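Report on the structure
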Amino acid sequence: MTPTAKPASAALQRDEMGGTTCPPLFIQLNQLLSTAAGLEWREKARWIKFEEKVEEDGERWSMPHVPVLCLHSLFQLRTCLQEGMVLLDLEALSFKEIIDKALSGQPEEAELQPELKVQLAALLLRQPRHQPSTALLQRLAQLSTSPCRGRAEGGSEPRAQLSATPLKEQLRNQFQKKIPPGAEAAHVAVGEVEFLEKPFAAFIRLRRGVALGSLAEVALPSRFLFILLGPHAKGNMYHEVGRAMATLLTDELFQRVAWQAEHREDLVTGMEAFLDELAVLPPGKWDPSAHIPPPSCVPSPHRRTTMHPPDWQSQHNGDMAAAADRAGLGCLDSREELERTGRLFGGLLRDIRRKMPWYRSDFSDALHPQCLSAVLYIYLVTVTNAITFGGMLGEATANMQGVLESFLGTAFAGSIFCLFAGQPLTILSSTGPVLVFERLLFSFSQDHGLDYLEFRLWIGLWVAFFGLVLVATEASHLVRYFTRFTEEGFCALISLIFIHDALKKMWHLADTFPINWQYRLDDITSYSCICNLSSLGHSSAGNDTQLPSSMAPWQPPAALAGLSRTQCLGQGGHLLGTSCHYVPDITLVSFLLFGGTFLSCAALKRFRSSRYFPVGVRNLVSDFAIILAILTSCAVDATLGLETPKLLVPSELKITAVILNRREYKLQKGAGFHLDLLCVSLLMVVTSATGLPWYVSATVISLAHMESLRKESTTSAPGEHPEFLGIREQRLTGLAVFILTGLSVFMAPVLKHIPMPVLYGVFLHMGVAALNSIQLTERVCLLLMPAKHQPDLPYLQHVPLRRVHLFTITQLLCLALLWALKSTTAALLFPVMLLALVGIRRGLERVFSPRDLSWLDSLLPAAAPREAAAGRPRRQAAESGAEEDVGDARARRSAPGALRRGGRA
């Protein structure tokens, strides 16, 4: 290693630690082309994250794709950096000044003659022709105003000198919206000229970003320039070298080196590090004209530098180090919210201090259209849930509690929780386990002659007391033992309950509106229904209505025509006839509305990644997907005019909190486990004293609430998927939902137009969406999938497939046990069974190694520090030899054109 290359090696080591952040680069490739009117600069390609080429017809941009480079172009680029001109931290205020300094700063042995400098400067200062990026409406307008415009316009004469100010087309360029904020420009100019006998190459880095007028298609400050001009060469050599330079500048690691480089050798060292990770596609095994689509995710620079390409160290050591990292991230032991202070109510006070600075922003952050969509969506779900569980609660408690109490309790408890809880995104509701407990409690009180509401009050007071004791003793730190194994079992159970209930209610709908399977077209003359006011016949309220035979003459006694069904029954009459209980279309249309709502919700939610319509329209449709699906289904129902069943409105906490506070949700305002438990305990006292239902966290509705508040990057490079930024954390959406729930008693005239099958379809969508969000569902699919068709999942690369299947089957058995438990009278033991899952998870450590569990689950608090400590010495040993590996790799590549086979195919 040369002395001047040592600073670059040190810079590269700093980059590996992620200590440098560089502004994103927009890179434009201009190529000098010969036209009928002379030489002209034309934009041929551009990069932000991926490459876009101008198609051969010159009318449109290609789809973003992963750039594929010619191997020799990389070697020629390295030669340009080694032998060409390199100007670092150049002070200049205009493009003309940059060109003048570049031409005057050549070494004597490579200096051009004065007349060649003049010609070269005049050529470089010509205005390039940019490829426009027009919107759909602009293209349609252009087509309508000039339908006969052809390719002849593309051959216009080359323009004058470069403009010192941006052109109007640059300021109106729609592509500007795709560029991240704070981005700078890099320019690559290549071409062939007849007056040069040898190539002229220059790499320039400006000290500060400078606006270079109309040089780029978008108005951005420029930082890097690369120029390569020379005599006629074989093939498209200059173009490929320019593409190689642009691709190199899109690499995040090389960008950091280029920013910190102090000498030419620093750039060469950075390029050699780029070559260390190079993978080669063999000719004849793929189509070079095919564009490789951008991947859904790419490794981070830190992840790329953890594996040292020069030596491609032992895969086992690298896997163990990665597993140790995952163990540290997956375990909740290091989270501040779960650390004990050793003082009474210490955790609660720390939760309050943590949440107080965010309290004002909890309301201001809700001023976004997405929050309106979330309010409408969760409101309809909450109202439906309150009616469903309120009705079932009324049946279970002999109407001591019912729908009205469910509405009032939901509004009161939910509003108080959203105002004062530590995690206001949690939605409180009555759940299946609570309903089972209430039913068993009512039966117990009736069997033993106890007053149900009084008995329930004392139970609520004791539960609240124990909750306060848990808050005082900081017992919430025990949720660290709820790993993915327990979370997925609980989440899958609640999701399956939602799916089961939605399908069950639709199945019962067929009993309420039966289909006449005995219908015969030849017997239509005998089908009728009349109102019988005499004592003959049987009431339609029963199931033993006598239907007259279609073959016998029918003499309706004391029949009164013109009465509707409601009027007939209201006057004490009876319905007689073969068609009295035949409703031909209700069941079919209800199932169509049910399935259509479910499919519409799923399709519209995915509309954000569609190729159609501008990004703003796609985001708006995706944000309001559930509401649009409900409104569409309601419109279809109203158009058909059938009397489908309508929405009629009368005149479990800790594990859900762990699921909502996962690290992958990127919550910024912190959790408040102790504060949440305090709020629920105090609400338990109030609801028990007033006879209102008990409320706990509704897992599926809470997950749907968070999903409706997802934040994604508004600007993404072409081909780059929008980046998940986190959840829009605030209190206003939940508060608005529960206030509207309380006011729903007065909104019955509006809500009665919503068909119940539509809301059941939303319930099904919520259950399926929550089920698809857990890894268990992914691994269950692997059980039915041949190995050759299995996706390239990370844990499949590090854990044997049979071990993955064994872990999945264990979770399924636990899930089946939970389902059987909640379906019997033993449902009172449901919370104990959830704690038993923690014990089962602890027992799995005797079956699975810590490395397997770190990939399939998260390590328990006692095991995570040991595994992390075991992985740390291996990482330190791997990093200690990194500098020697870089030096050895540079020596192996010292021969020009030499290619070392990489470790990836």
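1. Overview of the confidence of the model for the chain
- Chain-level statistics for the chain give a pLDDT mean of 78 and a share of 78% at 70 or above.
- Every residue in residues 536-560 is under pLDDT 50, and counting partners more than four places away or in other chains gives 40 contacts.
- Confidence drops under a pLDDT of 50 for residues 871-905, and excluding neighbours within four residues, the segment shows 43 contacts in the predicted structure.

2. What to know about the side chain of Asp852
- For Asp852, the position within the fold is in helix α32 (residues 850-856).
- The contacts of Asp852, once residues within four sequence positions are left out, are His798, Val799, Pro800 and Arg803.

3. Considering a nonpolar patch on the surface
- Judged by side-chain polarity, Phe412, Trp458, Leu461, Trp462, Phe465, Phe466, Val469, Val685 and Val686 come together as a nonpolar surface patch covering roughly 820 Å² of accessible area.
- Residue assignment for the nonpolar patch shows that the elements contributing at least two residues are α17 (452-472) and α24 (673-690).
- With respect to the helices and strands, Trp462 occurs in helix α17.

4. Details of the pattern of salt bridges
- Tallying each qualifying case throughout the model produces 28 salt bridges.
- A salt bridge links Glu97 to Lys101; its shortest N-O distance comes to 3.4 Å. Pair noted here: Glu97 and Lys101 are both in helix α3 (residues 95-104), with a separation of four residues, about one helical turn.
- Accessibility expressed as a relative area gives 32% for Lys101, which makes it partly exposed.
- Ionic pairing is found between Arg841 and Glu845, a salt bridge with its closest N-O pair at 3.8 Å.
- Through salt bridges with shared partners, a single network forms among Asp362, Asp365, Lys669 and Arg731.

5. Quick word on the nonpolar core
- Tyr377, Leu647, Ile701, Ile727, Val762, Met766 and Tyr795 are the most contacted members of the largest nonpolar core, which totals 89 residues.
- If you tally residues by element for this core, the top one is helix α18 (residues 484-512), at twelve residues.
- Other than its neighbours up to four places away in sequence, Ile727 contacts Leu425, Tyr665, Leu667, Met706, Leu709, Arg710 and Lys711.
- Listed in part, the 33 residues of the second largest apolar core include Phe254, Ala258, Phe274 and Leu275.

6. Some words on the sheet that holds strand β4 (residues 85-90)
- Spatially, the seven strands line up as an open sheet ordered β3-β2-β1-β5-β7-β6-β4, and their pairing is mixed. For this open sheet the edge positions go to β3 (51-53) and β4, each flanked by a neighbour on one side alone. Across this sheet, the average inter-strand angle for adjacent strands is 20 degrees, counted without regard to direction.
- Relative to strand β7 (residues 221-230), strand β6 (residues 200-211) runs antiparallel, the two being bridged by eight bridges. Opposite Val210, over in β7, you have Ser222 as the bridge partner.
- Here α3 sits on the sheet in contact with β4, β6 and β7, set at roughly 135 degrees to β4.

7. A few points about helix α2 (residues 71-83)
- With 13 residues, α2 should reach 18 Å at 1.5 Å per residue; the first-to-last C-alpha distance of 19 Å fits that figure.
- Taken together, the buried positions of α2 are Ser73, Leu74, Phe75, Leu77, Arg78, Cys80 and Leu81.

8. Focus: the pairing of β6
- Sheet topology note: the β4/β6 ladder contains five bridges and is parallel. Bridge pairing links Leu90 to Leu206 in β6.

9. Regarding unusual backbone geometry
- Non-glycine residue Ala398 carries a positive phi angle of around 55 degrees.
- In this fold, Ala398 is placed in the loop between α14 (369-396) and α15 (403-420).
- Even without a glycine there, the phi angle at Asn399 is positive, about 65 degrees.
- Here Asn399 is to be found in the loop between α14 and α15.

10. Looking at helix α26 (residues 732-743)
- A rise of 1.5 Å per residue sets the reference length of α26, with its twelve residues, at 16 Å; its end C-alpha atoms lie 16 Å apart and thus fit the reference within 8%.
- Among all positions in α26, only Thr733, Gly734, Leu735, Val737, Phe738 and Thr741 are buried.
- Packed against the buried residues of α26 are α13 (361-364), α14, α15, β8 (428-429) and α25 (699-707).

11. Describing the pairing of strand β2 (residues 38-47)
- With nine bridges connecting them, strand β1 (residues 25-35) and β2 associate as antiparallel partners. From the neighbouring strand, Gln31 faces β2, where its bridge partner is Arg42.
- A loop of two residues connects β1 with β2, the two strands running antiparallel in sequence.
- Where β2 lies against β3, three bridges are found, and the strand directions are antiparallel. Residue pairing across strands places Ala45 opposite Lys53, the latter belonging to β3.
- Hairpin connection, β2 to β3: the antiparallel pair is bridged by three residues.

12. Digging into the packing of α14 against α26
- Between α14 and α26, the least distance of the axes is 9 Å, while the angle of their chain directions is 40 degrees. Here α26 runs oblique to α14, going by the angle between their axes. The two elements α14 and α26 meet at a crossing, and its hand is right-handed. Along its contact with α14, which presents Cys371, Val375, Ile378, Tyr379, Thr382 and Val383, the element α26 presents Thr733, Ala736, Val737, Phe738, Leu740 and Thr741.
- Here the residues of the contact of α14 with α26 are counted per class, giving nine nonpolar, three polar and no charged.

13. A closer look at the side chain of Glu729
- Mapping Glu729 onto the fold places it in the loop between β13 (724-727) and α26.
- It is Lys355 that comes nearest to the buried, bridge-free Glu729 among opposite-charge side chains, at 5.2 Å.
- From its side chain, Glu729 meets the backbone nitrogen of Gln668 in a polar contact 2.5 Å long.

14. Overview of the environment of Ala770
- For Ala770, the location among the structural elements is in helix α28 (residues 756-772).
- A relative accessible area of 5% means that Ala770 is categorised as buried.
- Between the alpha carbons of Ala770 and Thr699 there is a distance of 9.0 Å; along the sequence they are 71 residues apart.

15. Regarding the environment of Lys178
- Structurally, Lys178 can be placed in the loop between α6 (168-171) and β5 (184-192).
- On a C-alpha basis, the gap between Lys178 and Ile48 in space is 9.0 Å, while along the polypeptide they are 130 residues apart.

16. As for the packing of aromatic side chains
- On inspection of all chains with the given rule, the structure shows 13 aromatic pairs.
- A centroid spacing of 5.2 Å and a plane angle of 80 degrees characterise the contact between Phe442 and Tyr452, whose relative ring orientation is edge-to-face. One end of the pair, Phe442, is in helix α16 (residues 432-447); the other, Tyr452, is in helix α17, with ten residues separating them in the sequence. Each member of the pair, Phe442 as well as Tyr452, is classed as buried.
- For the ring pair Trp462 and Phe465, a centre distance of 5.9 Å and an interplane angle of 90 degrees mean the geometry is edge-to-face. Taken as a pair, Trp462 and Phe465 lie in helix α17 at a separation of three residues, close to a single helical turn.
- Judged by relative accessible area, Phe465 falls into the partly exposed class, the value being 43%.
- Note that Arg46 overlies the ring of Trp61, its terminal NZ or CZ placed 3.9 Å from the centroid.
- Taking the ring centre of Phe175 as reference, the NZ or CZ of Arg46 above it sits at 3.7 Å.

So, how was this worked out
Residues numbered from 1 in each chain as written. Predicted model: local features only at pLDDT ≥ 70, side-chain atom pairs only at ≥ 80, totals over all residues. Heavy atoms only, no water. pLDDT = per-residue confidence, 0-100. Contact = heavy atoms within 4.5 Å. Helix = DSSP H or I, 4+ residues; strand = E, 2+ residues; numbered from the N terminus. Patch = residues over 30% accessible without salt bridge, like charges linked within 9 Å, V, L, I, M, F, W, Y side chains within 5 Å. Areas by Shrake-Rupley, 256 points an atom, 1.4 Å probe, with all protein chains shown as cover. Salt bridge = Lys/Arg side-chain N within 4 Å of Asp/Glu carboxyl O. Buried < 20%, exposed > 50% of the residue type's maximum accessible area, 1.4 Å probe, protein only. Core = buried A, V, L, I, M, F, W, Y, C linked by side-chain atoms within 4.5 Å. Pairing = 2+ DSSP bridges. Axes fitted to C-alpha atoms, helices over the stretch in contact; angles between N-to-C directions. Expected span 1.5 Å × (residues − 1). Parallel < 35°, antiparallel > 145°, perpendicular 65-115°, else oblique. Left-handed = near helix turned anticlockwise from the far one by under 90°. Nonpolar A, V, L, I, M, F, W, Y, C, P; charged D, E, K, R; others polar. Lys, Arg positive; Asp, Glu negative; His and termini not counted. Polar contact = N/O pair within 3.5 Å; in protein donor to acceptor, adjacent residues only side chain to side chain. Phe/Tyr/Trp six-rings, centres within 6.5 Å; stacked < 30°, edge-to-face > 60°. Lys NZ or Arg CZ within 6 Å of the ring centre and 35° of its normal.

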